[in-house]
Amino acid sequence: MQVRILNGPNLGRLGRREPGKYGSTTHAALAESSRALATELNLDVDVRQTDTEHEMLGWVHEASGDGAAVVLTPGAWTHTSVALRDACAMLTGPLVEVHITNVHAREPFRAHSYISPVATATIVGCGVAGYALALRWLAARATP
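All values derive from a computational prediction rather than experimental measurement. (Residues numbered from 1 in each chain as written. Predicted model: local features only at pLDDT ≥ 70, side-chain atom pairs only at ≥ 80, totals over all residues. Heavy atoms only, no water.)

1. Focus on the overall build of the protein
For the protein, the count of helices and strands is five helices and five strands. Taken from the N to the C terminus, the helices and strands of the protein come in the order β-α-α-β-α-β-α-β-β-α. Taking 2.2 N^0.38 as the reference for a compact globule, 144 residues should give roughly 15 Å; the C-alpha atoms of the protein span a radius of gyration of 14 Å, in line with that estimate. Among the 144 residues that make up the protein, the fraction classed as buried is 44%. Total accessible area computed for the protein in this model is approximately 6800 Å², and 51% of it derives from carbon and sulfur atoms. (Helix = DSSP H or I, 4+ residues; strand = E, 2+ residues; numbered from the N terminus. Rg over C-alpha atoms; globule rule 2.2 N^0.38 Å. Buried < 20%, exposed > 50% of the residue type's maximum accessible area, 1.4 Å probe, protein only. Areas by Shrake-Rupley, 256 points an atom, 1.4 Å probe, with all protein chains shown as cover.)

2. Points about the layout of surface pockets
Unfilled space is identified by rolling a water-sized probe across the atoms. What the largest pocket holds in volume is close to 180 Å³. In this structure, the largest pocket is lined by 16 residues; those nearest its centre are Arg-17, Tyr-22, Gly-75, Ala-76 and Arg-110. Its residues assigned to classes, the lining of the largest pocket shows six nonpolar, seven polar and three charged. (1 Å grid on protein atoms, 1.4 Å probe; cavity = no way out; pocket = protein on both sides within 12 Å on 5 of 7 lines; lining within 4 Å. Points joined across faces, edges and corners; volume = space filled by probe spheres on them. Nonpolar A, V, L, I, M, F, W, Y, C, P; charged D, E, K, R; others polar.)

3. Considerations on the UniProt feature "active site" (unreviewed entry) in the protein
The UniProt record annotates "active site" (unreviewed entry) at Tyr-22 and His-99. Spanning 78 residues, the annotated positions come together in the fold, the maximum distance between their C-alpha atoms being 9.8 Å. Lining residues of the largest pocket, restricted to the annotated ones just named, are Tyr-22 and His-99. In this structure, Tyr-22 sits in helix H1 (residues 19-22). Within the local environment of Tyr-22, its side chain forms a polar contact with the side chain of Arg-17, the two groups lying 3.2 Å apart. Once you skip the residues sitting within four places of it in the chain, His-99 turns out to touch Pro-74, Thr-78, Ile-123, Val-124, Gly-125 and Cys-126. (UniProt positions renumbered as here; feature names shortened; annotations may be inferred. Polar contact = N/O pair within 3.5 Å; in protein donor to acceptor, adjacent residues only side chain to side chain. Contact = heavy atoms within 4.5 Å.)

4. Some thoughts on the sheet that holds strand E2 (residues 44-49)
Strand pairs in the sheet, formed through backbone hydrogen bonds, run parallel or antiparallel to each other. Taken together, five strands build an open sheet; the order of strands is E2-E1-E3-E4-E5 and the sheet is parallel. Only two strands of the sheet have a single neighbouring strand rather than two, namely E2 and strand E5 (121-124). When the angles between neighbouring strand axes are averaged without regard to direction, this sheet yields 15°. (Pairing = 2+ DSSP bridges. Axes fitted to C-alpha atoms, helices over the stretch in contact; angles between N-to-C directions.)

5. Quick look at the pairing of strand E4 (residues 95-99)
Across the five residues of E4, five count as buried, placing the element largely inside the fold. Here E4 shows no split at all, with Leu-95, Glu-97 and His-99 on one side and Val-96 and Val-98 on the other all buried. With three bridges joining them, strand E3 (residues 69-73) and E4 adopt parallel strand pairing. Bridged to Leu-72 within E4 is Glu-97. Between the parallel pair E3 and E4, the chain is carried across by helix H4 (residues 82-89), and the sense of this crossover is right-handed. Inspection of the sheet shows E4 paired to E5 by four bridges, in the parallel sense. (Right-handed = clockwise from strand over helix to strand, strands pointing away.)

The following block contains the structure:
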């Protein structure tokens, strides 16, 4: 199974960005641990991060065309981007929406997600362990 881990704005600053909320794991370390787990689970994973919405839209369109599963941490676009929601609705593989923090226990505007209604599953508030949970869940779905 092809899996794209797509991380949105500010996630490239993991490890430095509000470590009390987001932890000390860097994006590079997250990408490496995700690749290692994917290898164990027999998944073909590609990890990407962007602060540019048009680039994210292109990646989601590409995943749709390839039939790839997507693990998406949309960051602030969760609450603002109808364009990203519409792109996600076109995905042909499963979509797992991941949030490092518990967005429901934060500012009220963070509780609304444009992505959740089109996601196959959502993982919220598990820290960076949410990525491993998403990969394990996808691997279990891929097993005949």
